[in-house]
Amino acid sequence: MKSYSERLEWFHAARFGIYVHYGLYTLLERGEWTMYSERIAPQNYDYLADMFQPAVNAAQEWCSLAQRAGAKYIVLTTRHHEGFSLFDSAYSDFTSAKRGCKRDIVREYVEAARNEGLKVGFYYSLLDWRYPGYFNEKKYPENKEALVQYVHNQVRELMSNYGKIDLLEYDGGWMADLQGGVERQIDFWRSRELNRMVRSLQPDIIINNRSGLEEDLDTPEQVITQARPGRGCESCMCIGDSCCWGYTRFNPNWKTPVQLIQHLVNAAQGEANYLLNIGPQPDGRVRIEEVERLQAVGDWLKDNEKAIRNSQRCELIGSSLPGVVDLNLQGPWTRRGKIGYWCMFRYPGSTATAVKVGTRPLRARLLATGQELQVEYNAISGKMMLKGLPDLPQNPYCTVVEVEFEDIPQLQAEPDLAAWLV
Ligand code: GLC
């Protein structure tokens, strides 16, 4: 049996994953909450299942794009809140295997992900809007029981029929009236029993915290959050507007490549992962706005991945954290052992100056090209100057400088704030 930190090894090594929201809601082109936010009754939603025709290579396209983006894992919505399963299930007829394309999209996805060397993640929504017992447990107690039983059965199918699954991301564990907190959720979904079953079938799996139980991962949405020390954390975020996980035809607020790379670096700086979401089109193909952005992140990562994979916190911090405005303004620092990675979003030109450096730097170079830089360091003042940087940024988004220190780099205390004046 692996320990917690052993199970999370690949996750920390990765730091970057791609989230894919795809389902019947995709066909409506207004996001994955449409059924509920427009109160479309199941009988009026059902016809979409017969129109569901993802392109033959859709899953392969998601996975090769994720691979080119530099992601090390991928997470697909196997069933979202609308209740349509993208897999063959003995417990539902409302599936892509029985309707529309009559294909097990989850199987295609798992095979494609493995082909691309990606770890495989399943998103699964506990709630299913088609069940009145979810909304009104007292009025429909039998329906509620049927829902919970069906959820347990489907999770067992997902954990049994597709080989090794690396990550299980529950969602939709909250109660419809949003009352009662996690204890009520755990009780409603019988989450302890559910996760015990999952772990007996998939002993190495990583499970998120959305069944009400803490399990392995925190999963903040739309913000970058630092990991709690020793704990797995994954910030999930939309690539466009923050309401749009599923395909949304008119999607404002596409994030720029710089914003995406900043999010990734900020997550890595806090020992957390970045799960970046795309919402493929009705035909399953990925829209150009998403392809271009993922490709840009991938191009940057190819040259700079040492700053990201397996990153640790660095005391030299840099300016990306809220409130830290007084030092190392060019950008955040990440670290691996004694090596610091200064990720410069605001490129300083030929000389980069860091202050309060409490550990001697030995050598420095541009990470992408290996070009050596001159290092000047004053151990008393704590000022480090890196000279000989190209006049223009080596990379238009973020130029990374790798600095090897004598020991794990530490921040130098500044007991006399006036010292630099004399
Ligand atoms: C939310 C939303 C959902 C989305 C998910 C992504 O909980 O309900 O639509 O799939 O977050 O993490």
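Residues numbered from 1 in each chain as written. Predicted model: local features only at pLDDT ≥ 70, side-chain atom pairs only at ≥ 80, totals over all residues. Heavy atoms only, no water.

(A) Region of interest: helix α7 (residues 105–115). Among the residues making up α7, those that are buried are Ile 105, Val 106, Tyr 109, Val 110, Ala 112 and Ala 113. Projected onto a plane normal to the axis of α7, the buried residues spread over an arc of 170 degrees and lie on a single side. Among the structural elements, α6 (58–68), β2 (73–79), β3 (119–125) and α9 (141–160) are those in contact with the buried residues of α7. One side-chain oxygen of the residue at the start of α7 lies 3.1 Å from the amide nitrogen of Val 106, identifying that residue as Asp 104. (Buried < 20%, exposed > 50% of the residue type's maximum accessible area, 1.4 Å probe, protein only. Helix = DSSP H or I, 4+ residues; strand = E, 2+ residues; numbered from the N terminus. Arc of directions from axis to C-beta. Contact = heavy atoms within 4.5 Å. Polar contact = N/O pair within 3.5 Å; in protein donor to acceptor, adjacent residues only side chain to side chain.)

(B) Here's a closer look at the state of the cysteines. All told, the structure shown has zero disulfides when counted by the stated rule. Cys 233 takes part in no disulfide bond, and the closest cysteine sulfur, belonging to Cys 236, lies 9.4 Å away. The buried category is assigned to Cys 233, whose relative accessible area is 3%. Here Cys 314 is not cross-linked by a disulfide; its sulfur's nearest cysteine counterpart is in Cys 343, at 9.8 Å. (Disulfide = S-S within 2.5 Å.)

(C) The arrangement of the sheet that holds strand β9 (residues 333–336) in detail. In spatial order, the strands read β9-β10-β15-β12-β13-β14-β11; together these seven strands make up an open sheet with antiparallel pairing. The open sheet is flanked by β9 and β11 (351–354), the only strands paired with a single partner. Along the sheet, successive strands turn relative to each other by an average axial angle of 25 degrees, direction set aside. In this structure, strand β10 (residues 339–344) lies alongside strand β15 (residues 399–405), joined through six bridges in antiparallel fashion. Looking across to β15, one finds that Tyr 341 is bridged to Glu 402. (Pairing = 2+ DSSP bridges. Axes fitted to C-alpha atoms, helices over the stretch in contact; angles between N-to-C directions.)

(D) Structural view of the sheet that holds strand β7 (residues 232–238). Read across the sheet, eight strands follow the order β5-β4-β3-β2-β1-β8-β7-β6 without closing on themselves; strand pairing throughout is parallel. The sheet is open, and its two borders are formed by β5 (206–207) and β6 (217–218), each paired with just one other strand. Where strand β1 (residues 16–20) and β2 come together, four bridges link them in parallel fashion. Each bridged residue has a counterpart across the sheet, and for Val 20 the counterpart in β2 is Leu 76. Each of β1, β7 and β8 (273–278) touches helix α12 (residues 257–269); the most contacted strand, β8, lies at about 150 degrees to it.

(E) Structural context of unusual backbone geometry. Of note, the phi angle at Glu 215 is positive, near 45 degrees, even though the residue is not glycine. Summarising the element assignment, Glu 215 is placed in the loop between β5 and β6. Positioned with a positive phi, Asn 253 is a non-glycine residue whose angle comes to about 65 degrees. Residue position: Asn 253 is located in the loop between β7 and α12.

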